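Architecture at a glance
So you can see what is in the structure, the chains are spelled out below.
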Amino acid sequence: MNKILVVGAGFAGACYARTLAEHGYSVAVIDKRPHIAGNCYDYLHDTGVRVHAYGPHLFHTSNQRVVDWLSRFTDWTPYAHKVVARLSDNRKLPLPVNLDTVNEFFGINLESESAVRHHLKSISEAIPRIRNAEDWLYANIGKELTNVFFRPYTKKMWDLDLSDVDAAVVQRIKIRADRSNLYFPNDTFQAMPTNGYTTLFSKILDHARIEVSLSTEFDKKMLDHFDFCFNSMPIDEYFGFKFGRLPYRSIRFHLTQHCIEEAEPHTTVNYTDDGPFTRETWWHNIPDHWDGKSAQVLRSVEEPCDYRDNDDERYYPVKSSDGSYDRLYEKYREEAIGLAKMNFIGRCGTYQYLDMHQVINQSLSHCQKWISENSNS
Ligand SMILES: Cc1cc2nc3c(=O)[nH]c(=O)nc-3n(C[C@H](O)[C@H](O)[C@H](O)COP(=O)(O)OP(=O)(O)OC[C@H]3O[C@@H](n4cnc5c(N)ncnc54)[C@H](O)[C@@H]3O)c2cc1C
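What counts and how
- Residues numbered from 1 in each chain as written.
- Predicted model: local features only at pLDDT ≥ 70, side-chain atom pairs only at ≥ 80, totals over all residues.
- Heavy atoms only, no water.
- Helix = DSSP H or I, 4+ residues; strand = E, 2+ residues; numbered from the N terminus.
- Rg over C-alpha atoms; globule rule 2.2 N^0.38 Å.
- Buried < 20%, exposed > 50% of the residue type's maximum accessible area, 1.4 Å probe, protein only.
- Contact = heavy atoms within 4.5 Å.
- Near = heavy atom within 4 Å.
- Polar contact = N/O pair within 3.5 Å; in protein donor to acceptor, adjacent residues only side chain to side chain.
- Areas by Shrake-Rupley, 256 points an atom, 1.4 Å probe, with all protein chains shown as cover.
- Salt bridge = Lys/Arg side-chain N within 4 Å of Asp/Glu carboxyl O.
- Pairing = 2+ DSSP bridges.
- Domains from an automatic or database assignment.
- Buried area = accessible area lost by both parts, 1.4 Å probe.
- Expected span 1.5 Å × (residues − 1).
- Axes fitted to C-alpha atoms, helices over the stretch in contact; angles between N-to-C directions.
- Parallel < 35°, antiparallel > 145°, perpendicular 65-115°, else oblique.
- Nonpolar A, V, L, I, M, F, W, Y, C, P; charged D, E, K, R; others polar.

Moving on to the overall build of the protein chain. Across its full length, the protein chain carries twelve helices and 17 strands. Computed over C-alpha atoms, the radius of gyration of the protein chain comes to 22 Å, within 12% of the 21 Å expected from 2.2 N^0.38 for 377 residues, which places it in the range of a compact globule. Its C-alpha atoms give the protein chain principal-axis dimensions of about 65 × 55 × 40 Å. Scored against the burial criterion, the 377 residues of the protein chain give a buried share of 54%. Considering only contacts within the protein chain whose residues lie at least 6 apart along the sequence, 72% involve residues at least 24 apart.

What surrounds the ligand is a group of 30 residues, the closest being Asp31, His57, Arg347, Leu354 and Met356. Taking His57, its side chain carries an N or O atom lying 2.7 Å from an oxygen atom of the ligand. In the environment of the ligand, an oxygen atom lies 2.6 Å from a nitrogen or oxygen atom belonging to the backbone of Leu354. Protein contacts shield 96% of the accessible area of the ligand, which totals 990 Å² for the unbound molecule. Those elements giving two or more residues to the shell around the ligand turn out to be helix H1 (11-22), helix H11 (346-350) and helix H12 (356-374).

A full pass over the atoms with the stated rule returns 22 salt bridges. Note that Asp159 and Lys155 form a salt bridge whose closest N and O atoms lie 3.4 Å from each other. We classify Asp159 as partly exposed; its relative accessible area is 46%. As a salt-bridge pair, Arg176 and Asp178 come within 2.6 Å of each other at their nearest N and O atoms. This pair shows no difference in class: Arg176 is buried, exactly as Asp178 is. A network of salt bridges, in which partner residues are shared, links Arg18, Glu22 and Arg72.

Turning our attention to the sheet that holds strand E7 (residues 83-86). Pairing in this open sheet of seven strands is mixed, and the strands run E8-E7-E13-E14-E15-E12-E16 from one edge to the other. Among the strands making up the open sheet, the edge pair consists of strand E8 (92-95) and strand E16 (316-317). Looking at chain direction, strand E12 (residues 248-259) and strand E15 (residues 296-306) are connected through eleven bridges and run antiparallel. By the bridge assignment, Ile251 is partnered in E15 with Pro304.

Across the eight residues of helix H6 (residues 151-158), six count as buried, placing the element largely inside the fold. Those residues of H6 lying buried are Pro152, Tyr153, Thr154, Lys156, Met157 and Trp158. Positive phi shows up at Asp159, right after H6, with a value of about 55 degrees.

Time to look at the domain arrangement of the protein chain. Considered domain by domain, the protein chain is made up of domain 1 (3-36 + 205-243 + 318-373), domain 2 (43-82 + 182-194 + 248-317) and domain 3 (105-171). Placing the centre of domain 1 and that of domain 3 at their C-alpha centroids yields a distance of 36 Å. Counting residues at the interface gives four residues for domain 1, matched by nine residues for domain 3. At the boundary of domain 1 with domain 3, total buried surface from both sides reaches about 470 Å², with 60% on carbon and sulfur atoms.

What follows concerns H12. Look at H12: 27 Å from first C-alpha to last across 19 residues, which is about the 27 Å you get at 1.5 Å a residue. Inspection of H12 places Met356, His357, Val359, Ile360, Ser363, Leu364, Cys367, Trp370, Ile371 and Asn374 among the buried residues, and these make up the whole buried set.

Now for the packing of helix H5 (residues 133-149) against H6. Describing two packed helices takes the angle between their axes plus the distance from one axis to the other. H6 packs onto H5 with a crossing angle of 95 degrees between their chain directions and a minimal axis gap of 8 Å. As summarised for this structure, H5 and H6 are arranged roughly perpendicular, according to the angle between their axes. Contact with H5, carried on its side by Glu134, Tyr138, Thr146, Asn147, Val148 and Phe149, involves Arg151, Pro152 and Tyr153 of H6 and no other residues of that element. Split into classes, the residues belonging to the contact of H5 with H6 amount to five nonpolar, two polar and two charged.

Our focus in this paragraph is the pairing of E7. Bridge count between E7 and E8: four bridges; the pairing is antiparallel. Within E8, the position partnered with Val83 by the bridge is Leu95. In sequence, E7 turns back onto E8 through a hairpin of five residues, with Asn90 there showing a positive phi of about 75 degrees. With four bridges connecting them, E7 and strand E13 (residues 268-271) associate as parallel partners. Residue pairing across strands places Ala85 opposite Asn270, the latter belonging to E13.

What follows is the structure, given as structure tokens:
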């Protein structure tokens with residue numbers, strides 16, 4: 001077993017390719033897009049602003065193994081992401097909800113974490129069994145904060161009411177009783193690859209035993225030329241949607257150019273209104289994302305939609321509170337067990353919402369395991 005096909009040049013595919021190549025395998029990486037780096041792909045716009053083509057990718061983790069592995073291929077620029085939510089009266093409040101959000105929203109003046117916790121408890125609902133995102137939010141921050149900060153956003157983002165969304169989706173955004181306004185308050189490492197993600201990927205894939213072919217779509221006939229395949233394409237698509245389509249949300253990005261004087265001081269502003277857009281990103285506010293030579297900067301505004309309405313660009317697997325989509329995925333996963341020469345990997349191969357550090361960690365572990373199990377074959 002020596003020749004391996006890797007479908008997808010995102011983080012899952014790149015981690016597999018590099019690890020396999022370093023263990024002596026010959027690896028062919030294909031991607032249907034004309035670029036490497038999957039959804040992390042970034043580029044330098046004419047204005048001198050670095051843009052992430054598929055939305056802002058902020059690197060954050062507490063996993064030292066992942067940091068050590070990536071640090072072989074990049075330097076880092078420290079950056080701890082912050083987000084504000086814009087209310088209907090144009091006030092901008094910290095998100096995740098923290099001490100300052102609670103004070104400004106309710107017009108009160110709590111000064112300690114215990115006072116905030118006590119206040120949140122007093123406005124929260126007693127919910128005996130958490131069945132969905134709405135239950136979890138009502139039980140932790142009460143109805144008023146939920147209905148402003150989460151309900152319209154969730155409807156736009158997922159096209160689902162909060163009561164139909166899995167609690168895990170909103171639990172990703174931690175509620176704070178202190179003044180921390182970091183979007184990822186618990187992660188010990190928060191930084192951006194100094195020369196961008198695309199450069200980082202080109203270094204990961206730069207190995208004598210890795211060959212990359214772009215604008216190349218997977219075809220089952222390719223398997224005849226390889227001993228094994230790690231595949232990050234959507235698992236339902238591979239099986240011709242025989243059990244039905246796995247749903248994904250996608251995003252249309254609207255990129256506009258502005259004078260620096262018009263720009264927000266915040267990298268990301270979330271919209272709490274009922275309109276079609278969820279948030280805006282001002283790229284120049286991320287360190288190393290603007291050379292400052294032109295007075296023009298860029299803003300991306302995000303408009304979520306079904307992936308079928310955006311050229312089949314699958315971004316977020318939908319996690320419903322009734323678990324129906326996970327059950328549908330399970331049928332495909334069982335079908336895939338029967339494939340002798342293929343493992344599905346990554347976000348669309350395994351139908352999971354994975355942050356970058358999670359997909360890297362998973363890919364490094366699973367690839368090492370596969371290598372040790374197959375080293376004699
Ligand atoms: C809008 C958005 C914002 C995000 N923000 C963050 C963030 O701030 N922090 C964070 O940690 N994570 C973030 N993520 C998650 C991050 O993008 C993923 O963790 C990561 O991209 C997963 O890597 P992957 O290799 O599984 O998938 P991808 O990056 O999607 O790579 C899969 C590749 O496979 C290719 N492919 C698919 N089908 C075929 C086929 N049939 N033939 C050939 N090639 C094919 C695709 O073209 C794609 O390039 C965000 C994701 C999105 C969508």
